[in-house]
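One-letter residues, chain by chain:
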Amino acid sequence: MLKEASAVFLFKFEIMQVDFAHKNVLITGGSRGIGKACAQLFSELNANVIITYKSNKTLAEEVVASLNPKQNHCCFQLDVADPEAVESFYQDFQNQYKHLDVLVNNAGIFTEHKIETISYQEWQQAWKQTLGTNLTGVANLCYFAAQQMIAQKEGKIINISSRGAFRGEPDHPAYGASKAGLNAMSQSLAVALAPHNITVGVIAPGFIETDMASEVLAGEAGEQIRKQSPLNRVGKPEEVAHVVAMFASSGLEFMTGGIIDLNGASYLRS
Ligand code: NAP
């Protein structure tokens, strides 16, 4: 199934360089969902894939074991919300991999914190955790990756945002804010890093069938959410992975600073 999907991808985008042979692709949160689909697609496209996970080592190792055995894949434990952990992870990563071609900042959290119902303490906690993971964590990884990419004189950074940055997230306001901040940060970095031949792109998915969305999609709201798109469905992780690989391909550098909507026309922004 995945091979077929990759073949279609290769056929449709044959004018771009979508072969990632000898390229190192680092994907945060690669143990499940969108990150896992990215890991699988990049490995089909011949990349060395390095994934990180926060807590589920078994799942991460299963993903690594499922990848194309011709390349050199591995996984690292990392809590992206911990700045010291990011620094020491990056030192380990750089010792093992001398070159970083593509960084996919995918790891993220989506925890409910309705303003009407929670305590101030819970509110504080939700904002701290969400911004620490979805925004500051990404900024910190971008910091270290950018140092390596500046020295290399090339690199590609792709950040996974969300439709919620534009549409609002009434029950998850810190999530919406973290993704809006991520968009702004990515565009600033796209300008700052362009002279170093480093591109920065953003993908803003609507609801995607992963663990993160499974409870909401299985509940009462699920049907309404599917109907938000005229396709009457939500997205698949593989669809996001294809756009990530597209952004990472040679030949599309002029897309730097772009934010691609991937939401089945469920929210059209002007
Ligand atoms: P998911 O299925 O919940 O998987 C999350 C991944 O991130 C897991 O690999 C998890 O590791 C890792 N992770 C979580 N917190 C982390 C931390 N503090 N440090 C390092 N890794 C951490 O999520 P998903 O649906 O694939 O979402 C991926 C990205 O897409 C997120 O940025 C999310 O905001 C965005 N997105 C998702 C949707 C959607 O509907 N699913 C829509 C729009 C945007 P463990 O397995 O070890 O816990």
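Any details on the overall build of the protein chain? Residues and values, ideally.
The secondary structure content of the protein chain amounts to 10 helices and 7 strands. Computed over its C-alpha atoms, the radius of gyration of the protein chain comes to 18 Å, within 12% of the 18 Å expected for a compact globule of 270 residues. When contacts within the protein chain are restricted to residue pairs at least 6 apart in sequence, those whose partners lie at least 24 apart make up 73%. For the protein chain, the exposed area adds up to about 13200 Å²; of that, 53% sits on carbon and sulfur atoms.

Go over the nonpolar core, please, and point to the residues and values.
Counting 33 residues, the largest nonpolar core has Ile-27, Phe-42, Val-49, Ile-51, Val-104, Ile-203 and Val-244 as its most contacted members. Of all elements in the fold, only strand 1 (24-27), helix 2 (33-44), strand 2 (48-53), helix 3 (57-66), strand 4 (102-105), strand 5 (155-160) and helix 10 (237-248) reach the threshold of two or more residues within this core. The dominant element in this core, judged by the number of residues it contributes, is helix 10, at 8 residues. Counting 27 residues, the second-largest nonpolar core is a separate cluster that includes Leu-141, Met-149, Ile-157 and Leu-193.

Account for the sheet that holds strand 6 (residues 198-205), with residues named and values stated.
The strand order across the open sheet built from 7 strands is 3-2-1-4-5-6-7, with neighbouring strands paired in parallel fashion. Each end of this open sheet is capped by a strand with a single partner; those strands are strand 3 (74-77) and strand 7 (259-262). Averaged over all pairs of adjacent strands, the angle between their axes in this sheet comes to 20°, without regard to strand direction. Pairing geometry for strand 5 and strand 6, over 6 bridges, is parallel. Along strand 6, the bridge assignment pairs Ile-157 with Val-200. This element, helix 3, spans strand 2 and strand 3 of the sheet and lies at about 170° to strand 2. Each of strand 4, strand 5 and strand 6 touches helix 5 (residues 120-152); the most contacted strand, strand 4, lies at about 175° to it.

Tell me what's going on with the packing of aromatic side chains, and back it up with residues and numbers.
The description of two aromatic rings rests on the distance between their centres and on the angle between their planes. Summed over all chains, the structure comprises 10 aromatic pairs. Taking 4.7 Å as the distance between ring centres and 75° as the angle between the ring planes, the aromatic pair formed by Phe-110 and Tyr-175 counts as edge-to-face. You can see Phe-110 sitting in the loop between strand 4 and helix 5 and its partner Tyr-175 sitting in helix 7 (residues 173-193), a full 65 residues away along the chain. A residue is classified by how much of its surface remains accessible, and Phe-110, at 16% relative accessible area, is buried. Exposure remark for Tyr-175: the relative accessible area of 8% places this residue in the buried category. Across the ring face of Phe-166, the terminal group of Arg-269 is positioned such that the distance to the ring centre comes to 4.0 Å.

I'd love a proper account of the site of the ligand, names of residues and values included.
For the ligand, the set of nearby residues contains 31 residues, the closest of which are Ser-31, Ser-55, Asn-106, Tyr-175 and Thr-210. In the environment of the ligand, a nitrogen atom lies 2.9 Å from a nitrogen or oxygen atom belonging to the side chain of Asp-79. For the ligand, whose unbound accessible area comes to 910 Å², protein coverage reaches 95%. Secondary structure elements with two or more residues in the shell around the ligand: helix 2, helix 7 and helix 8 (211-218). Take the shell around the ligand: its biggest share by element is 3 residues, from helix 8. Class assignment of the residues belonging to the shell around the ligand gives a composition of 13 nonpolar, 13 polar and 5 charged.

I'd like to hear about the pairing of strand 2, residue by residue, with values.
Among the 6 residues that make up strand 2, 6 are buried, leaving the element largely enclosed by the rest of the structure. Of the two faces of strand 2, both are covered, the one formed by Asn-48, Ile-50 and Thr-52 as well as the one formed by Val-49, Ile-51 and Tyr-53. Of the pairings in the sheet, the one linking strand 1 to strand 2 comprises 4 bridges and is parallel in character. Within strand 2, the residue paired with Leu-26 across the bridge is Ile-50. Each parallel crossover has a hand, and for strand 1 linked through helix 2 to strand 2 it is right-handed. Across 4 bridges, the pairing between strand 2 and strand 3 is parallel. Bridging across to strand 3, Thr-52 finds its partner in Phe-76.

Break down the pattern of salt bridges for me, citing the residues and quoting the values.
Using the criterion set out here, one finds 6 salt bridges in the structure. One salt bridge in this structure joins Arg-226 and Glu-223, with 3.6 Å as the shortest N-O distance. Here Arg-226 and its partner Glu-223 are both found in helix 9 (residues 221-227), 3 residues apart, which amounts to about one turn of the helix. Residue Arg-269 is joined to Asp-261 by a salt bridge in which the shortest nitrogen-to-oxygen separation is 2.9 Å. When its relative accessible area of 32% is taken as the criterion, Arg-269 is described as partly exposed. In this structure Asp-261 comes out as partly exposed when scored by relative accessible area, which is 31%.

The rules behind these values
- Residues numbered from 1 in each chain as written.
- Predicted model: local features only at pLDDT ≥ 70, side-chain atom pairs only at ≥ 80, totals over all residues.
- Heavy atoms only, no water.
- Helix = DSSP H or I, 4+ residues; strand = E, 2+ residues; numbered from the N terminus.
- Rg over C-alpha atoms; globule rule 2.2 N^0.38 Å.
- Contact = heavy atoms within 4.5 Å.
- Areas by Shrake-Rupley, 256 points an atom, 1.4 Å probe, with all protein chains shown as cover.
- Core = buried A, V, L, I, M, F, W, Y, C linked by side-chain atoms within 4.5 Å.
- Buried < 20%, exposed > 50% of the residue type's maximum accessible area, 1.4 Å probe, protein only.
- Pairing = 2+ DSSP bridges.
- Axes fitted to C-alpha atoms, helices over the stretch in contact; angles between N-to-C directions.
- Phe/Tyr/Trp six-rings, centres within 6.5 Å; stacked < 30°, edge-to-face > 60°.
- Lys NZ or Arg CZ within 6 Å of the ring centre and 35° of its normal.
- Near = heavy atom within 4 Å.
- Polar contact = N/O pair within 3.5 Å; in protein donor to acceptor, adjacent residues only side chain to side chain.
- Nonpolar A, V, L, I, M, F, W, Y, C, P; charged D, E, K, R; others polar.
- Right-handed = clockwise from strand over helix to strand, strands pointing away.
- Salt bridge = Lys/Arg side-chain N within 4 Å of Asp/Glu carboxyl O.

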